[in-house]
Amino acid sequence: MSINVLIYGAGEAGTQIADYCQKSNVYNLVGFIDDNSALHGKNIKKILVYPAYKIAELTKNFDVKEIFIAIPSAPRDRYQTILRKLSTHHIHLRTLPKLNDINDGKVNLEDIKEINIADLLLRAPVEPLSDLLKQNVSNKAVLITGAGGSIGSELCKQIIRLMPKQIILLDHSEFNLYTISEELSAFANKYNIYNSEIYSLLISVSDELQIRSVVEKFKPDTIFHAAAYKHVSLVENNISVALKNNIFGTLYIAKAAYEFGVKNFTLISTDKAVRPTSVMGMSKRISEMILQSFASSNFKKNINHNTCFSIVRFGNVLGSSGSVVPIFREQIRRGGPITVTHPDVTRYFMTISEAAQLVIQASSLAKDGDVFLLDMGEPVKIYELAKKMIWLSGATIKNSKNPSGDIEIVFTNLKPGEKLAEEMFIMGSVEETSHPKIMRAKEDFLEWEYFGPKLLEIRFDKYDEADVLCREFLILNT
């Protein structure tokens, strides 16, 4: 039995898709939708063109199951506006990619893809400032810790395009390190980037001797410290290992950085470090404190170092490991239920690509001890996100009002350490920078001499004890 569909866009791409639909035994095209009033009421391929306000009537009268969005040349803002309007109809939406992603400008049914939820959630990214992108990486030796992780690997992909002298990949996961190494090598070969040497090092940041040896050997100009255990619930159950990795891993590589003359060091932090309620957030806040103290004028004078330490703090990235979007997508694929912790929980979101670009640019804006906040737009209500993803898949929500629906949303309660809403800065003020999406927070900090010795007393032989000591440490020192 064929599926009744509408095509949004009666231009060249839409008419090409219409040809395939009319030859198909799967899809039955019942109408075009177009914003051009001059086309309304006309027939194209013997199919009538309707205005957008007729969609609800058409979907009901013709039992439309899907809408194909065929406007590949539309600007991003117009595409997003159309997508948001269509999403209110609770019908399965699919779309063509951008025109330059379609072979020879010719389209077919295989080009129709599922909607990228990022297009529905996010504002258009700001074009990066070329000088800021290049300043700390082009023709420089750059070391990335956690290079195989979600953020780390995207940083590597962005940086290789900027032609560093050396790119040093550091990760303790063999699989992740191999994967990103192969991707970078393939990219370099494809685009004839022969002057960028790639080194892949299978090392944990919690191994102090190995870390010192690497930094001493390569003497990188720039370090991006992305290595961290970041999954809130997993960290809650593996406290000792997580705290040693996140806190002391930061301490070891930061010490090696100033001892061996690294010019710029940027820590990838998280909104969960602000007034932390989780072990993960606590570990990242202490990591921030270490860098802030190392960047103080007193410490730099006493140690006689010139490393510029900075911190970039942001929220969730779409598609990253542990992100709700791939989790929800898989739950929908299995027929549900979708699990949401609380009906009022909200989170900030950003694409991995934009986050990595902003991190690189923030490092170029850094002065000693800067905490940068990325503009992530408005917070997203996770319950609303779950509903949108169900509708976009063409399914219906199963609840007391619609017991015959397809997919149920179940509330599981907040996990230990989770907040209803995240915050971006602790206290003080926030000021603009030369980049419209990067802000600089003015926050108080402690000198190393006041908390460093106490921090070094923490041992990780028993995770319960480490947890208690770290919590006490934060209470006393923040």
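Residues numbered from 1 in each chain as written. Predicted model: local features only at pLDDT ≥ 70, side-chain atom pairs only at ≥ 80, totals over all residues. Heavy atoms only, no water.

A. View of the sheet that holds strand β20 (residues 397-398). Strands sit in the order β15-β21-β20 across an open sheet of 3 strands; the sheet is parallel. Of all the strands in the sheet, just β15 (338-340) and β20 have a single pairing partner and so form its edges. By the bridge criterion, 2 bridges tie β20 to strand β21 (residues 407-411) in an arrangement that is parallel. In the strand pairing of β21, Lys 398 is matched with Glu 408. (Pairing = 2+ DSSP bridges. Helix = DSSP H or I, 4+ residues; strand = E, 2+ residues; numbered from the N terminus.)

B. Expanded view of the environment of Ser 287. Assignment of secondary structure puts Ser 287 in helix α11 (residues 279-294). For Ser 287, a relative accessible area of 0% puts it in the buried group. Ignoring anything within four residues of it in the chain, the contact list for Ser 287 reads Asn 246, Ile 247, Thr 250 and Leu 267. Looking at Ser 287, its side chain comes within polar contact range of the main-chain oxygen of Ser 283, at 2.9 Å. (Buried < 20%, exposed > 50% of the residue type's maximum accessible area, 1.4 Å probe, protein only. Contact = heavy atoms within 4.5 Å. Polar contact = N/O pair within 3.5 Å; in protein donor to acceptor, adjacent residues only side chain to side chain.)

C. Structural context of the sheet that holds strand β18 (residues 370-374). Taken in spatial order, the 9 strands make up an open sheet running β10-β9-β8-β11-β12-β13-β18-β23-β22, and their pairing is mixed. The sheet is open, and its two edges are formed by β10 (197-202) and β22 (429-432), each paired on a single side. The sheet shows a mean angle of 25° between the axes of neighbouring strands, taken without regard to direction. Across the sheet, α11 touches β12 (264-270), β13 (308-314) and β18, and the angle it forms with β12 is around 155°. (Axes fitted to C-alpha atoms, helices over the stretch in contact; angles between N-to-C directions.)

D. Representation of the packing of helix α8 (residues 208-218) against helix α10 (residues 239-259). The N-to-C vectors of α8 and α10 enclose an angle of 30°; their axes lie 9 Å apart at closest approach. Classified by the angle between their axes, α8 and α10 sit roughly parallel to one another. In the crossing of α8 with α10, the sense of the turn from one axis to the other is right-handed. Two secondary-structure elements touch here, α8 through Glu 208, Ile 211, Arg 212 and Val 215 and α10 through Tyr 252, Ile 253, Lys 255, Ala 256, Ala 257 and Glu 259. The residue makeup of the contact of α8 with α10, split by class, is 6 nonpolar, no polar and 4 charged. (Parallel < 35°, antiparallel > 145°, perpendicular 65-115°, else oblique. Left-handed = near helix turned anticlockwise from the far one by under 90°. Nonpolar A, V, L, I, M, F, W, Y, C, P; charged D, E, K, R; others polar.)

E. Summary view of α10. For α10, which comprises 21 residues, the first-to-last C-alpha distance of 29 Å matches the rise-based estimate of 30 Å (1.5 Å per residue) to within 8%. Gly 261 lies just past α10 and shows a positive phi near 75°. (Expected span 1.5 Å × (residues − 1).)

F. View of the pairing of strand β8 (residues 141-145). Within β8, 5 of the 5 residues are buried, which leaves it mostly tucked inside the rest of the structure. Both faces of β8 are covered, namely the face carrying Ala 141, Leu 143 and Thr 145 and the face carrying Val 142 and Ile 144. Pairing between β8 and strand β9 (residues 166-171): 5 bridges, direction parallel. Paired with Ala 141 across the strands is Gln 166, a residue of β9. Pairing between β8 and strand β11 (residues 222-225): 4 bridges, direction parallel. Of the residues in β11, the one forming a bridge with Thr 145 is His 225.

G. The arrangement of unusual backbone geometry in detail. In this structure, Pro 337 follows Gly 336 across a cis peptide bond, with omega equal to 0°. Its identity is not glycine, yet Asn 304 carries a phi of approximately 65°, on the positive side. In this fold, Asn 304 is placed in the loop between α12 (297-303) and β13.

H. Just the environment of Thr 15, in detail. Position of Thr 15 relative to the elements: it lies in helix α1 (residues 12-23). A residue is classified by how much of its surface remains accessible, and Thr 15, at 16% relative accessible area, is buried. Taking C-alpha positions, Thr 15 is 9.1 Å from Phe 32, a pair spaced 17 residues apart along the chain. If we skip the residues at most four places from it in the chain, Thr 15 touches Ala 10, Phe 32, Ile 44 and Lys 45.

I. Region of interest: the packing of aromatic side chains. Counted under the stated rule, the structure contains 12 aromatic pairs. Between Tyr 258 and Phe 299, the ring centres sit 5.6 Å apart and the planes meet at 75°, which makes this aromatic pair edge-to-face. On the criterion of sequence distance, the pair formed by Tyr 258 in helix α10 and Phe 299 in helix α12 is long-range, its members being 41 residues apart. As far as the burial class goes, Tyr 258 and Phe 299 line up, both buried. Their ring planes at 75° and their centres at 5.3 Å tell us that Trp 448 and Phe 451 sit as a pair that is edge-to-face. Taken together, the residues span about one helical turn, with Trp 448 and Phe 451 both in helix α16 (residues 448-456) at a distance of 3 residues. You can call Phe 451 buried: its relative accessible area is 0%. (Phe/Tyr/Trp six-rings, centres within 6.5 Å; stacked < 30°, edge-to-face > 60°.)

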